Structures are given as structure tokens and as C-alpha cells.
Amino acid sequence: MKKFSIAKSRRIRSTPYTSRIEKQGVSSYTVYNHMLLPTAFGESLEEAYYHLKKYVQLWDVAGERQVEITGKDSAKLVQLMTCRDLTNSKDGRCYYCPVIDDKGGLINDPIVLRHNKEKWWLSIADSDVILYAKGLAIGYSLQVQIIEPNVDIMAIQGPQSYPLMEKIFGNQINELNFFDFAYFDFKGTKHLIARSGWSKQGGYEIYVENTSSGLELYDHIFEVGKEYNIRPGYPNLIERIESALLSCGNDFDNNDNPLECGFDKFVNLDTDVEFVGKNELIKIQSEGINKKLMGIKIDSKFINVSSSMNVYDLNNNIIGDLRSGIYSPHFKKVIGIVMVKKPFLNFSEVCKIEIEGESFNGSLCELPFL
Ligand code: THG
């Protein structure tokens, strides 16, 4: 596949770490929330995958922007946006929350951070959630302030992130459970650190609000991290598909609802909370879904997914569309995420897909793969 360079401009925002990663050899970018997100450092995706599973990486994921909602009605607005019941949510906790519209269609799948009842961050995937939040606040006459604060996340991912972060922040950091967050001191500046990240290899995310301290911390992490074989990295396509971490805009979009995407445990329809699209989701739940995200394993060594690819049965009926896929070293075949149409949800026969002009056999499976 031909490669193209990216034309930078103010619209495609750099991050505070861009100059750092460019010195460290970043070789390609994508754009996420109108911001640069690294996708390679000269090495192959597979090399980066093995490294991530064994050591530790620092990722510039500043593109995971925060929508900050504060004020008297902030809890009400956050709840209006998500089908996950946040009534019993706690300060200092993260919540993975589907954001949906009035038709039940997915808008985003942020991590919601509850600072307190009147201060929330939505750590968003790639869509303009802030505009939706502002529209709802206007429509419902809510007393809230909505901004995109200067918060730039660096993720520390991989098994060696634990000893590395302990060395830098002390053993108090070990008290963070998965999806907890708290503030930790680095040379006199407090940084919000959550135990989270877009991999299943363990780690943390540092929500940097003070850029100059953040850059000093960035350099310090690489200095201390030498001993743990740290490298600059980025969300890894192989690892995230093996782990079935869904990607908004790739695996689902506004034409899909959370029940079709396996977000059932984050869809709370039995409580009396008010959110946009609730009646629609109740209707969908009672009538049943028309399609569902599933896994696929394909007897191929390669695939390059840059748009939906049809998956067929042996009679050339379209079973569904493949939305992400990559060769998996673990399964020794291509694995992917497919939106399967209703008649085929229990399909257990051989299916087919065309990759670069050649037909390959595959089989559907439930998610997650592992
Ligand atoms: N970290 C932060 N912000 C983000 C992401 C992130 N914003 C964009 C994007 N990633 C949002 N999407 C996800 C998807 C999955 C998870 C987090 C963010 C995730 N899921 C766990 C899982 O599926 O096992 C846990 C979900 C749960 O059980 O609560 O971590 O990565 N800051």
C-alpha cells in the first residue's frame, strides 16, 4: 500500500510531546480529535507489540481530549449523555460510558472521570463530544460550564510500568485499583494518574495539566525507564484487537447502538435515571438487535483495513462487514471485528473475504478473542 505524508497545520493540532517524539523517531501519525497521534517509530507493528507485552512504553495520547463539565447541573448533563447509570458513581473513579443520541446511536465511548459531583471529565474517543454537550446544555437550560481544558495524557503501558511508576511516584501508586485515579507529586507539581490505558498489558495514564512539569516528567520517565527497556509507543492495533478494545469510528459509529456493540453491561434501562435515547434503547432491547459486533479469524497472513470490507457466506450472501483487522502473532492468522447481520448471528460455517484480490476463508467467533 502506498504511504502518504501528513500535512501539518494549526487545525491538526500538535501535542506538548510532539517535539519529543519527533526527536525519538516517530515515523507516522494519524489524527485523533483533530490532534496528532503517533502510529509508528520506524519499527514494525509486530515488534512494537512484542515489546509492549514484555516491557513498558510511553505513549503520547494527548489526542484523548477531555471535555470538562463543571457546575451545579454537571452530574445531570453527564447522565443525560450516557446510558450507564452513574447514580452510585464515586469521586476518584473512572467509568467507561457509551455516549448516545436520541436514536440510541453511539456518539462516543469515553472514560468518564468523576472528580466530584460538580466536576467531571469525559476522556473522549475521536468525535466532537463537546458540541453535543453544549447543545444539550443549551436545550435543557443547564447551569454548567463546558470547556476543553489543557490536559495532555501520556500513557505508561506494559508490565514493566508497575516497577517503573513505583520507582518514580513511590509505593502509594500500588494502591490504585483498576480505574481509580488520584493525584501524585512530581517535583512539587501534582499530576492526576489513573490506572487505565488502551491496552490489556497493564499500566497508567498521566493527565498532564502543567505542561512544563509534564515535559520534565516525560524526560524523567525515559531516564528512569532505561532500566526497564522503555520505548516510545502508541496504541497497538494488534494488541488492541486481540484484547477486543473497540475503536470508535472504526468498529462502531453513529449508525450503531450500544447493544449491537456488546456494551450491554454499560446499558442500564431498569433504573429511573434520565438520559437521551432511553426510550429508544428500551424499544431496541425488547424488539431485539438487528446486527452485532463479533470476531472473525481469517486464514490469511495479511490484511490492510482502510474501509469496511464485506464478509460473505459460501453462497455469496453478505454476512456482515469487517471494520478492523490485523495479522495476529498469537492466533497465527488474521483476526478482525465484524458487524454481523441478524440472520447470521449463529453462523458457524466457513465464510469468505477478499483481501487484495484474493479470496480467503474465515470463521466467526464471540468477542473477546482471548
Ligand atoms: N484512555 C483515556 N481516554 C480514552 C481512551 C483511553 N479515550 C478514548 C478511548 N480510549 C475510549 N475508549 C476506551 C475503550 C476501552 C477502555 C477504555 C477506553 C477500557 N476498557 C476496559 C475493558 O474493555 O476491559 C475496561 C472497561 C470496564 O470494564 O469498565 O479500558 O484508553 N483516558
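Just so it is clear, the model here is predicted, and its values are computed rather than measured.

> Explain the pattern of salt bridges to me, using residue names and the numbers behind them.
In total, this model carries 20 salt bridges according to the counting rule given. Between Asp-73 and Lys-72 there is a salt bridge whose closest N-O contact spans 3.6 Å. The class of Asp-73 is buried, set by a relative accessible area of 14%. One salt bridge in this structure joins Asp-251 and Arg-240, with 2.7 Å as the shortest N-O distance. In this pair, Asp-251 sits in the loop between α7 (237–242) and α8 (278–287) while Arg-240 sits in helix α7, placing the two residues 11 residues apart along the sequence. One exposure class covers both Asp-251 and Arg-240, and it is buried. Here the salt bridges share partners, and the residues they tie into one network are Asp-256, Glu-260, Lys-291, Asp-321 and Arg-323.

> Lay out the sheet that holds strand β10 (residues 145–147) in plain terms, naming residues and giving numbers.
Note on sheets: strands pair through backbone hydrogen bonds, and any given pair is parallel or antiparallel. Overall, antiparallel pairing links the 5 strands, which are arranged β5-β8-β9-β4-β10 in an open sheet. If you trace the sheet from one side to the other, it starts and ends with β5 (93–96) and β10, each paired once. Taken over all neighbouring pairs, the strand axes of this sheet differ in orientation by 20 degrees on average, direction set aside. Relative to β10, strand β4 (residues 66–70) runs antiparallel, the two being bridged by 3 bridges. In the sheet register, Thr-70 faces β10, and the bridge partner there is Gln-145. Against the sheet, helix α3 (residues 74–81) touches β4, β8 (111–116), β9 (119–123) and β10, its axis set at about 30 degrees to β9. Docked against the sheet, helix α4 (residues 129–139) engages β4, β9 and β10, running at close to 165 degrees with respect to β10.

> Can you break down the side chain of Ser-196 residue by residue, with the values?
Structurally, the position occupied by Ser-196 is in the loop between β13 (189–194) and β14 (203–208). Taking relative accessible area as the criterion, Ser-196 reaches 3% and is therefore assigned buried. Those residues in contact with Ser-196, other than ones at most four positions away along the chain, are Gln-157, Phe-178, Phe-179, Gly-203, Tyr-204 and Glu-205.

Definitions and limits used
- Throughout this document, residue positions are counted from 1 along each chain, in the order its sequence is written.
- Per-residue local features are limited, in this predicted model, to residues with pLDDT of at least 70; the limit for side-chain atom pairs, both in listing and counting, is 80 or more; totals at the level of whole chains, interfaces and linings are taken over all residues.
- Here the side-chain values reflect all heavy atoms present in the structure, with hydrogen atoms and water set aside.
- A carboxyl oxygen of Asp or Glu within 4 Å of a side-chain nitrogen of Lys or Arg is what we treat as a salt bridge.
- The rule is simple: take the accessible area with a 1.4 Å probe, protein chains only, and divide by the maximum for that residue type; under 20% is buried, over 50% is exposed, in between is partly exposed.
- Secondary structure elements follow DSSP: runs of H or I no shorter than four residues count as helices, runs of E no shorter than two count as strands, and numbering proceeds from the N terminus.
- Strand pairing follows a simple DSSP-based rule, namely that at least 2 bridges must link the two strands.
- Axes here mean lines fitted to C-alpha atoms, for a helix over just the part in contact, with angles spanning 0 to 180 degrees between N-to-C directions.
- Here, two residues are considered to be in contact whenever any of their heavy atoms come within 4.5 Å of each other.

That is the geometry; function is a separate question.
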